[in-house]
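A look at the structure
Read off the chains here:
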Amino acid sequence: MLVWVIREQGIHVVLGQEPCVAEGSLVRDRCDDAFIWLAPGVSVQSIHRDRGFVAAELDGVTLVSAYFSPNRTTAAFEAWLRRLEGYVRGRDGRRILIAGDLNAKSGRFGSWVTNAYGRVLEEFLDAVELVPINTGGEWTFGNRKGRSLIDVTMAGTTVHGCVRDWNVEVGIESGSGHRYISYRLARRRTVSVGVDRNEKKEGWKVNEKGLGRLNQYVVMHDGLGEVETPEGIVREISEACDQCLRKRESGNSKRAVYWWNEEVAERRKACVRGRRTWTRERGRGRLRSRSETGEAEAADRYKREKKALKASVRKAKRDEWNRVCAELETDVWGLGYKIVAGKLGRLRSGTLPTAEMHRQMHTLFPVKPRIVWEKVRVVPDDVPRVTAEEIRRAVGEL
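Now for a quick tour of the structure. (Residues numbered from 1 in each chain as written. Predicted model: local features only at pLDDT ≥ 70, side-chain atom pairs only at ≥ 80, totals over all residues. Heavy atoms only, no water.)

Let us now look at the overall build of the chain. A tally of helices and strands in the chain yields 11 helices and 15 strands. For the chain, buried positions account for 31% of its 398 residues. In the chain, of all internal contacts separated by at least 6 residues, the share reaching a separation of at least 24 is 57%. About 28,400 Å² of surface is accessible on the chain, with carbon and sulfur atoms providing 51% of the total. (Helix = DSSP H or I, 4+ residues; strand = E, 2+ residues; numbered from the N terminus. Buried < 20%, exposed > 50% of the residue type's maximum accessible area, 1.4 Å probe, protein only. Contact = heavy atoms within 4.5 Å. Areas by Shrake-Rupley, 256 points an atom, 1.4 Å probe, with all protein chains shown as cover.)

In structure tokens, the structure reads:
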């Protein structure tokens, strides 16, 4: 079946398990569990074989095909992931893609349940900074016992942005319980230069309206004018974009909550360490007797750290909220206003119904009865003079 799919869809690379393809170049791991198939003419820079996974570097991107049996222990899976982690750390982790049947169920990959393998795999993702590509929704393996999402795809930050059209092939029969997964890997032209990672990224947001305004601007200003140097062209284009396009927001889009502080951060780190220690000890306990492992002690430590984290979060929320409420007396447009505005979200123009708009206007700006002041004719000599003492008393009350 796989040979037919390769010919029909013109596939160049296959990351799979249980080798069954003869044509082209076939690279296997040391246990013959995982393989990488390459179409004729595809050039490979390097190959690495290990137990349970095999890797090939193509055009600066490292592709890894992996397999781990569901009949082995969690401790064995953790040890296998450590070997894989060592290989990833020895490469450029941003330009790596890993795909395979790991029999790991995790919510990060779209699974509706998480098993022991899945929890260990989540720790692996955080350790090597890989990003899941699975979109969820469709199961990848099914038999008479049920259906699940155990075929996973993950990649580094650079390769993740190049993956296109990731899809579970529902309508193609594979001849096994697994479904085929297809996707394209777009090429990204890069230049190796020294980059300051703390430098803010600048640019503009491009859309159809912005491009229309930019086109009108160029026509009205007779192109770029008389520019003879490359620097001048860049300057003119930047000025036109500043006039017609919105600036791109720089920095991390994920903002910390207003009550976050150093104490909560340290408590969270301790809680994560405790959870990982407990996970490792629980896996080791399946190979040895419970008394020989520190599983119970690790579980108690994790519970204490988790309880301390919750208490720290409650205290931070309470203290910061009291401070925000007290700040409203002196600064109406301060943090309290920003929190409320963030909760309400941004309303686009025209999305609010007219009746609701009028109701909000009357609530914010109530109409009071007009005051008719009575005009009284006053003789200047009848107006009492203001003394210096009255002025000092009025100043003191300001």
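From this point, the discussion proceeds with the structure in view.
Okay, the sheet that holds strand β7 (residues 96-101) next. Strand order in the open sheet formed by 6 strands is β4-β5-β6-β7-β11-β8, with mixed pairing between adjacent strands. Every other strand in the sheet has two partners, leaving β4 (46-50) and β8 (131-132) as the edge strands with one partner each. Note: strand β5 (residues 53-58) against strand β6 (residues 61-67), 6 bridges, orientation antiparallel. Considered in β6, the bridge of L58 is made with V61. Each of β7, β8 and β11 (151-155) touches helix α3 (residues 116-128); the most contacted strand, β11, lies at about 15° to it. (Pairing = 2+ DSSP bridges. Axes fitted to C-alpha atoms, helices over the stretch in contact; angles between N-to-C directions.)

Here the focus is unusual backbone geometry. Generally, phi is negative for residues other than glycine and the peptide bonds are trans, each holding for most cases. Phi angles above zero are rare outside glycine, and D59 is one such case at about 55°. Note on placement: D59 falls in the loop between β5 and β6. Within the chain, N103 stands out as a residue other than glycine whose phi angle is a positive 55°. You can see N103 is positioned in the loop between β7 and α3. Judged by relative accessible area, N103 falls into the buried class, the value being 12%.

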